[in-house]
Amino acid sequence: MSRTPENEGQEKRVRVDSDRATELFGYQDQNLKLIEKSFAVRLIPRGNEVVLQGEREEVDKVEKLLLRLNGALKDGHLSSAEIRYALRLTREGKEEVLDDLFSEVVVVTNRGRPLRPKTLGQKEYVDAIKKSGIVFGIGPAGTGKTYLAMAMAIAAFKNREVNRIVLTRPAVEAGEKLGFLPGDLQEKVNPYLRPLYDALFDILGVETFEKHLAKNLIEVAPLAYMRGRTLDDAFVILDEAQNTTPEQMKMFLTRLGFGSRAVITGDITQVDLPKGQFSGLEQARQVLKDIEGISFVYLTERDVVRHPLVQKVIKAYEAYEGKKGEEENPLFPIQEEVRTID
């Protein structure tokens, strides 16, 4: 290929803040090595500077990426997953959206760590919670559905937009296995509510959480406790909603009172209801999809912010289940094609 002004070799130096260089470059420069694999550039770290060598277009892209990442570190830590996601968006030509993504802080944790959406799907989710009275966040494990909803609830509480936070989950086995566990009903359902407690501890700190809990400003309870109540001026989160029955889902949604908002999270691929029992979340998708003021946000494996292998696990299972479905119903692909053409 003949060289042109656009692709001829170029060298640039990018200086980053000295106190952030180690985190930006990564342990043993792992982040820089990731960038080199993604772009046709060579990166040479020298103190808090990086020398960029390569074709002009690639060098310019990486220069802007490094400066964006450096700016994002001013507001807190960047995980390797976030850096990988920034690389992906830059490769896809969507790097401009990184500025909005990095600049939005939902809430600051008890330890001073800013929480923000880490993917475009998560940003859409946060924006929907800001605008809609009821939001359904649907997607696989690791996409931040519950954690972000919790962060938004705490932000609304701190800003005095609501007077309390109510967190609930269905205890799927409540009529079956919980009876064999020791303790009263609250102690029996606590294992089901543990993930909600963990998120609250992480964001608020144990002491602040317990203080709000004692004053009934935060309530964590199984879904069965919601029956017969009206929840005014509250931010209500229903987690693991795929394990609700249609009756439970309707009951929950009709608990909302004046000044309240609700976020319902779930993964329709992980239903633990007895075989043959229809999920309340699946029914709600069909019944409420066209209701103004209710938003449905679908997160995918691209929004997974856990270990990189989690994305691969999700993709592998989706491929396996899709192939299994085709084998069980060989006419399905033909039917789907006809429906799409119509």
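Residues numbered from 1 in each chain as written. Predicted model: local features only at pLDDT ≥ 70, side-chain atom pairs only at ≥ 80, totals over all residues. Heavy atoms only, no water.

A. How the structure looks around helix H7 (residues 145-158). Counted at 1.5 Å a residue, the expected span for H7 with its 14 residues is 20 Å, and the 20 Å between its end C-alpha atoms agrees. Burial runs high along H7: 12 of the 14 residues are buried. Among all positions of H7, only Lys-145, Thr-146, Leu-148, Ala-149, Met-150, Ala-151, Met-152, Ala-153, Ile-154, Ala-155, Ala-156 and Phe-157 are buried. Note on H7: the residue one or two positions beyond its end, Arg-160, has a positive phi of about 60°. (Helix = DSSP H or I, 4+ residues; strand = E, 2+ residues; numbered from the N terminus. Expected span 1.5 Å × (residues − 1). Buried < 20%, exposed > 50% of the residue type's maximum accessible area, 1.4 Å probe, protein only.)

B. Molecular detail of a positive patch on the surface. A cluster of basic residues, Lys-33, Lys-37, Arg-84 and Lys-312, forms a positive patch at the surface. You can call Lys-37 exposed: its relative accessible area is 74%. (Patch = residues over 30% accessible without salt bridge, like charges linked within 9 Å, V, L, I, M, F, W, Y side chains within 5 Å. Areas by Shrake-Rupley, 256 points an atom, 1.4 Å probe, with all protein chains shown as cover. Salt bridge = Lys/Arg side-chain N within 4 Å of Asp/Glu carboxyl O. Lys, Arg positive; Asp, Glu negative; His and termini not counted. Charge placed at Lys NZ, Arg CZ, Asp CG, Glu CD.)

C. Main features of the packing of aromatic side chains. Throughout the structure, instances matching the rule amount to 4 aromatic pairs. Measuring from ring centre to ring centre gives 4.5 Å for Phe-136 and Phe-296, while their planes differ by 5°; the resulting arrangement is stacked. Taken as a pair, Phe-136 in strand S6 (residues 134-138) and Phe-296 in strand S11 (residues 294-298) lie far apart in primary sequence, 160 residues in all. When the ring of Tyr-197 is compared with that of Phe-209, the centres are 5.7 Å apart and the planes differ by 80°; the resulting orientation is edge-to-face. You can see Tyr-197 sitting in helix H8 (residues 185-204) and its partner Phe-209 sitting in helix H9 (residues 206-214), a full 12 residues away along the chain. (Phe/Tyr/Trp six-rings, centres within 6.5 Å; stacked < 30°, edge-to-face > 60°.)

D. Geometry of the packing of helix H10 (residues 246-253) against helix H11 (residues 280-288). At a closest axis distance of 8 Å, the pairing of H10 and H11 adopts a crossing angle of 60°. Relative to H11, H10 is oriented oblique. Note that H10 runs across H11; the crossing there is right-handed. For the pair H10 and H11, contact is made by Pro-246, Met-249 and Leu-253 and by Gly-280, Leu-281, Gln-283, Ala-284 and Leu-288, respectively. In terms of residue class, the contact of H10 with H11 is made up of 6 nonpolar, 2 polar and no charged. (Axes fitted to C-alpha atoms, helices over the stretch in contact; angles between N-to-C directions. Parallel < 35°, antiparallel > 145°, perpendicular 65-115°, else oblique. Left-handed = near helix turned anticlockwise from the far one by under 90°. Contact = heavy atoms within 4.5 Å. Nonpolar A, V, L, I, M, F, W, Y, C, P; charged D, E, K, R; others polar.)

E. Region of interest: the sheet that holds strand S10 (residues 261-266). Pairing is parallel in the open sheet, where 6 strands are placed in the order S8-S7-S9-S10-S6-S11. Looking at strand neighbours, the two that pair on one side only are strand S8 (218-222) and S11, the edges of this open sheet. Strand-to-strand twist of the sheet, defined as the mean angle between neighbouring strand axes without regard to direction, takes the value 15°. Relative to S10, strand S9 (residues 234-238) runs parallel, the two being bridged by 4 bridges. (Pairing = 2+ DSSP bridges.)

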